Each structure stands twice: as structure tokens, then as C-alpha cells.
Amino acid sequence: MKKTWVDKTLCIGCEACVNIDEDDILFMDEDGLAEAKENDKELKTCQMVCPTGAIKIGKE
Ligand code: SF4
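Residues numbered from 1 in each chain as written. Predicted model: local features only at pLDDT ≥ 70, side-chain atom pairs only at ≥ 80, totals over all residues. Heavy atoms only, no water.

Caption draft 1: Inspection of the overall build of the protein chain at higher detail. Along the protein chain, the regular secondary structure elements total two helices and four strands. Its helices and strands in sequence order give the protein chain the pattern β-α-β-β-α-β, from N to C terminus. Here the C-alpha radius of gyration of the protein chain, 10 Å, is about what a compact globule of 60 residues would show, namely 10 Å. Taking the principal axes of the C-alpha coordinates as reference, the protein chain spans close to 25 × 20 × 20 Å. The 60 residues of the protein chain split such that 30% are buried. Taking as baseline every contact in the protein chain between residues at least 6 positions apart, the subset at least 24 positions apart corresponds to 58%. Of the accessible surface of the protein chain, which amounts to about 4,000 Å², a share of 47% is contributed by carbon and sulfur atoms. In the protein chain, 8 side chains carry a positive charge and 14 a negative one; their mean positions are 8 Å apart. (Helix = DSSP H or I, 4+ residues; strand = E, 2+ residues; numbered from the N terminus. Rg over C-alpha atoms; globule rule 2.2 N^0.38 Å. Buried < 20%, exposed > 50% of the residue type's maximum accessible area, 1.4 Å probe, protein only. Contact = heavy atoms within 4.5 Å. Areas by Shrake-Rupley, 256 points an atom, 1.4 Å probe, with all protein chains shown as cover. Lys, Arg positive; Asp, Glu negative; His and termini not counted. Charge placed at Lys NZ, Arg CZ, Asp CG, Glu CD.)

In C-alpha cells form, the structure reads like this:
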């Protein structure tokens, strides 16, 4: 199953992905890093705006 997830080792907490996520799947965790709720979405636009390549689509 396809899904969007965040590799937190790459996230720098810029919030760009959360700000454009119209599906409200991405959010900032207590450490200031992006995290994805359970989903079966391909958030390609969010993936494109991430400056570090932390947003992944596919198997975790
Ligand atoms: S755009 Fe990338 S670096 Fe910025 S918060 Fe989202 S996942 Fe982290």
C-alpha cells in the first residue's frame, strides 16, 4: 500500500510540508519534526516542497 511518511533523520522542521498539506495528514510533533498520520495518500506536492527529501512515498 502506498502512503506518505517522514524520515525524521532528514527533517529540519521547516514546516513547509505542513503548511501546504490540504489533507491535514502531516503535523509537527513535540520535537518540532514533521510526522504523518495513518494514510494511504501520495502527498507529492508536500514531497516536492521539502528541502531535505524527508518526505517519502511508498513502503516505510
Ligand atoms: S518540509 Fe521537510 S524538512 Fe520541512 S518540516 Fe516538512 S519534512 Fe521536515
